[in-house]
Amino acid sequence: MTPPMTAEERTALIAARPDQARGLLRQMLRVRRLEERCVELYSASKIRGFLHVYIGEEAVAAGVMSALRPDDAVVATYREHGHALLRGVPATAIMAEMFGHVEGCCRGRGGSMHLFDADTRFYGGNAIVAGGLPLAVGLALADRMLGRDRVTACFFGEGAMAEGEFHESLNLAALWDLPVLFCCENNLYAMGTALERSESQTDLALKAASYEVASWAVDGMDVLAVEESARRAVEAVRSGGGPHFLEFRTYRFRAHSMFDPERYREKAEVEHWMERDPIASLRAELEASGHLDADDWASITREVDAEVDAAVEFAESGTLEPVADLARHVRSERSTA
Amino acid sequence: MKTTYREAMRAAMRDAMQRDERVFLMGEDVGRYGGGFAVSLGLLEEFGPQRVRDTPLSEAGFVGAGIGAALGGMRPIVEVMTVNFSLLALDQIVNNAATLLHMSGGQFNVPLVIRMTTGGGRQLAAQHSHSLEGWLAHIPGLRILAPATLEDARGMLWTALEDPDPVLIFEHGSLYNVAGELADDAGPVDIDRAAVRRTGADVSIITYGGTLPMVLAAADSLAAEGIDAEVVDLRTLRPLDDVAILATVAKTHRAVVVDEGWRSGSLSAEVSARITESAFYDLDAPVARVCSEEVPVPYAKHLEEAALPSVARVVSATRATVGAGEPVAGHA
């Protein structure tokens, strides 16, 4: 893992940038509350299909997104509501998408697993494990060929590291020295298959390093550590340092999807990780150091709840795309010679 | 000018890279080796390693990278050496290239061209002789082309690159050495319509790609027997040119579909179904098909020949369709 900050360094970091720490807390809470509402709405049959929530892993997206520029690109997975939200896709458009409404960010054609947004260069939303990695390599190739100093951040779970597309992509990115930040969200389970049951080498950063990609493991439950490592890695990638790989060690508190009885892990293990809840931990730390009081917290939760309420209201009042438009967007509507 | 299919395709790539700086070629051995089928020979020297990129043997990786580069503003030509290897990239082709525009509600189009060799007939055995373009023609979101002539080898690529969405070009391996005359000013051609390659009144033989020369030879042979066949080259396998298909059937009232793919679930099945759905009452005979036998393509020459469509099988199926018997010995 990246050298852990000492208690003194950490205190100094928070003291130097308390607004930033509070900001990260707020960003994580936005994801948490949005996801909690998604679960409720799924139970109420407002959201259908597959639904994978990010509860427990919020520190990863919050930390990495804060290190990116608006013109960078993001490629994510099917557990991507949080990534989309923190990348800047409006909560209203995300929620309307999950309702299948035309006001959604993909007009209701993608749903929970396929959120896309051109304005924020958010390239999905990929439901095939590891399927997004080659896209990220290509986006970075285009930037390289066009002389742009943009970074492509590519998120994937540790399960993706057993896929051929992971290996092909890391090799290609390293071979061509492309500006990709590979962000592995190691939540220890590929659906229900534990890391040690799917990988011969469970030190994932070591595995990535075998491609001559600079690689580190990071405590993914600590948003300050995530932000710090992501910022350094993004700077290195942007300044021509080639692809970088960060393994964020994190944990999914909820089931894989809404159809998962969780037979593959012990409740005690979940409870153990929940003690490291990234939101509760940072909140406690900020309170203890005098950088967050009850009013601050009340204000943050009020704002976040209002945002989520507004998103649900927006989605509830959304409309359905006319069935007459079913065949649109299969091919572009521009003429083709 | 005198040229070959291979040279015409190379000229098309050179022209595209000269016209548009965003166009680049990548694939296995397209650079230093000159291309698995020598199509890109010389392009590395002319355009340099940035625009003629040798890739590792990573079909999913570099096809996906082509999709990403297209999303990022480039106009990639990705060469997959053969359709057989493209099976390793089906995830990227089917799950990403074909779906991104739709899943994103129209936000992200993928202006990508993928070229690959297809087909059998060269004693390359089962894993190197597939004709799977019909499979890919099943997928909404893709445009599938099968250039069968020098004009199309020269002209389809640029039009494909101008398409804002993914286009797959299937080049039958038996066509690369086909030589002939091509106009000096040959340039882009449409990629929407089928073409009548031979006009005829008695029967329509509908085909595409590598079997076009075979079908034209069969038509010549049939003409000597007094059977006047019209030959339709589909050119674009998705979307199919229904107008042209129905027009030729309305004219001749009889159709034979020739397709190197296996019969079951094939492109020939689709063409035949469309004819029966839309022109049933124009037909004077059932639609006939000449396809590959339902076996993995064997190595031994006599068995491979027996497995693939041939002039003799096309002639025989066409005779049956027009109600002519097999000629007696000494006749025709």
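Residues numbered from 1 in each chain as written. Chains lettered and ligands numbered in written order. Predicted model: local features only at pLDDT ≥ 70, side-chain atom pairs only at ≥ 80, totals over all residues. Heavy atoms only, no water.

### Topic: the sheet that holds strand β4 (residues 75-82) of chain B
Residue and element names in this part refer to chain B.
Here comes step 1: Pairing is mixed across the open sheet formed by seven strands, whose spatial order is β3-β2-β4-β5-β7-β6-β12. Pairing within the sheet leaves two strands with one partner each, and these edge strands are β3 (52-54) and β12 (236-238). If you compare each strand with its neighbour and ignore which way they point, the axes differ by 20 degrees on average.
Here comes step 2: Running over the sheet, helix α3 (residues 59-71) touches β2 (23-27), β4 and β5 (113-118) and is turned about 165 degrees from β4. (Pairing = 2+ DSSP bridges. Helix = DSSP H or I, 4+ residues; strand = E, 2+ residues; numbered from the N terminus. Axes fitted to C-alpha atoms, helices over the stretch in contact; angles between N-to-C directions. Contact = heavy atoms within 4.5 Å.)

### With respect to the nonpolar core
Here comes step 1: Judged by nonpolar contacts, the single largest core of 161 residues is most densely connected at A:M95, A:F156, A:F182, A:F245 and B:I275.
Here comes step 2: By residue number, the principal contributor to this core is helix α2 (residues 18-43) of chain A, which donates 11 residues.
Here comes step 3: Both domain 1 (2-181) and domain 2 (195-322) of chain B contribute no fewer than three residues apiece to this core.
Here comes step 4: The contact partners of A:F156, leaving out residues within four places of it in the chain, are A:T77, A:L133, A:M161, A:F166, A:F182, A:C183, A:C184, A:E185 and A:F245.
Here comes step 5: B:A12, B:A16, B:V39 and B:I169 belong to the second largest nonpolar core, which has 34 residues in total. (Core = buried A, V, L, I, M, F, W, Y, C linked by side-chain atoms within 4.5 Å. Buried < 20%, exposed > 50% of the residue type's maximum accessible area, 1.4 Å probe, protein only. Domains from an automatic or database assignment.)

### As for the domain arrangement of chain B
All names here are of chain B.
Here comes step 1: Along its sequence, chain B is organised into domain 1 (2-181) and domain 2 (195-322).
Here comes step 2: The gap between the C-alpha centroids of domain 1 and domain 2 is 26 Å.
Here comes step 3: Each partner contributes to the interface: domain 1 provides 32 residues, whereas domain 2 provides 24 residues.
Here comes step 4: Buried surface at the junction of domain 1 and domain 2, summed over both partners, amounts to about 2100 Å²; 56% is from carbon and sulfur atoms.
Here comes step 5: Between domain 1 and domain 2 we count two salt bridges in total.
Here comes step 6: A salt bridge links R197 to D152; the shortest N-O distance between them is 3.0 Å.
Here comes step 7: For the interface between domain 1 and domain 2, the tally reads 16 residue pairs in polar contact (both at pLDDT 80 or more).
Here comes step 8: Residue assignment for the side of domain 1 that touches domain 2 shows that the elements contributing at least two residues are α7 (133-136), β6 (143-145) and α8 (150-162). (Buried area = accessible area lost by both parts, 1.4 Å probe. Salt bridge = Lys/Arg side-chain N within 4 Å of Asp/Glu carboxyl O. Polar contact = N/O pair within 3.5 Å; in protein donor to acceptor, adjacent residues only side chain to side chain.)

### Concerning the state of the cysteines
Here a disulfide denotes a covalent bond joining the sulfur atom of one cysteine to the sulfur atom of another.
All names here are of chain A.
Here comes step 1: Under the criterion given, the structure shown has zero disulfides over all chains.
Here comes step 2: Cysteine C38 remains unbridged, with the sulfur of C105 as its closest cysteine sulfur at 12 Å.
Here comes step 3: The thiol sulfur of C154 is not disulfide-bonded, and the nearest other cysteine sulfur, from C183, lies at 7.7 Å.
Here comes step 4: Residue classification places C154 among the buried positions, given a relative accessible area of 0%. (Disulfide = S-S within 2.5 Å.)

### A word on helix α12 (residues 278-288) of chain A
Residues and elements named next belong to chain A.
Here comes step 1: Taken as a whole, α12 has its buried residues at P278, I279, L282 and L286. Viewed along the axis of α12, the buried residues span an arc of 95 degrees, placing them on a single side of the element.
Here comes step 2: Elements that come into contact with the buried residues of α12 comprise α1 (7-16), α2, α3 (58-65), α10 (223-238) and α13 (294-316).
Here comes step 3: A distance of 2.8 Å separates the backbone nitrogen of I279 from a side-chain oxygen at the start of α12, and that oxygen is part of D277.
Here comes step 4: Just downstream of α12, G290 is the residue with a positive phi angle, here 80 degrees. (Arc of directions from axis to C-beta.)

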